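One-letter residues, chain by chain:
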Amino acid sequence: MATQAVQVQETQAVATPLRQAIDIKMAENSNRFMAALGNDQSRVERWNTLLMMAINRNPDLAECEPGSLVASTLEAAQFGLEFGPKAHSYLVPYKGKDGKKYCSFMPGWRGLVYAAKQSGETQELRAEAVYEKDEFRYELGMEKQLIHRPALGIRGTLVAVYAVVKFTAGGGDFEVMSRDQV
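Below you will find a few notes about this structure. Given the structure is predicted, the values throughout are model-derived calculations rather than measurements. (Residues numbered from 1 in each chain as written. Predicted model: local features only at pLDDT ≥ 70, side-chain atom pairs only at ≥ 80, totals over all residues. Heavy atoms only, no water.)

### Notes on the nonpolar core
Here comes step 1: Counting residues in hydrophobic clusters, the biggest one holds 24 residues, and the most contacted among them are Ile 22, Phe 33, Leu 51, Ile 55, Leu 61, Leu 69 and Phe 83.
Here comes step 2: Counting only elements with at least two residues in this core, the list comes to helix 2 (16-28), helix 4 (41-57), helix 5 (66-79) and strand 2 (101-107).
Here comes step 3: Residue contributions to this core peak at seven residues, all from helix 4.
Here comes step 4: Not counting the four nearest positions on each side in its chain, Leu 69 is found in contact with Leu 18, Ile 22, Leu 51, Ile 55, Leu 61, Cys 64 and Cys 103.
Here comes step 5: Within the second largest apolar cluster, six residues are counted, among which are Ala 160, Tyr 162, Val 164 and Val 176. (Core = buried A, V, L, I, M, F, W, Y, C linked by side-chain atoms within 4.5 Å. Buried < 20%, exposed > 50% of the residue type's maximum accessible area, 1.4 Å probe, protein only. Helix = DSSP H or I, 4+ residues; strand = E, 2+ residues; numbered from the N terminus. Contact = heavy atoms within 4.5 Å.)

Below, the structure written as structure tokens:
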């Protein structure tokens, strides 16, 4: 209940002209939002609230074209990647060639992991850090192989990171990046 009161206060803090422009754009795109969110009006309202909260938290968003804010919100909804507390995605303001400010949807790493897990095609997905005292080697080619045995105690400085995925249909894959690449 207290959370809802805070959300209402934050939503009301958005400048009235911007809020009106967003409300118009949301209404123009209501069918698209309903399709993306399973024809659930309460979920559409939640995404609208998330947008207002994002604008209140990042004043640069308040300077963006309202259409780009709504379009970015719709794109996030279509992917099912919330911005805000879950940090599945972000609304990123940028300056266009015409000098106006726009908003762009950007999935975050948490959102990409969430989407991979939701797809049902991944059994396991994780990232790991490799330090100088760890035993670490990998081979590419037809028979890719990765071995990582973390050292006990002080492991030294970071030298690489890697991500591994194990698919539900069998098999897996990995990607390694050096510290410089990161």
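Now, onward.
### Describing the packing of aromatic side chains
Here comes step 1: Using the criterion set out here, one finds six aromatic pairs in the structure.
Here comes step 2: Ring centres 6.2 Å apart and planes at 85° place the aromatic pair Tyr 138 and Phe 174 in the edge-to-face group. Residue Tyr 138 is found in strand 4 (residues 135-139), and its partner Phe 174 is found in strand 7 (residues 172-178); the two are separated by 36 residues along the sequence.
Here comes step 3: Of the aromatic side chains, those joined through ring pairs into one cluster are Phe 136, Tyr 138, Tyr 162 and Phe 174.
Here comes step 4: Over the ring of Phe 174 we find Lys 144; its NZ or CZ atom is 4.6 Å from the centre of that ring. (Phe/Tyr/Trp six-rings, centres within 6.5 Å; stacked < 30°, edge-to-face > 60°. Lys NZ or Arg CZ within 6 Å of the ring centre and 35° of its normal.)

By themselves, these observations are geometric and do not establish any function.
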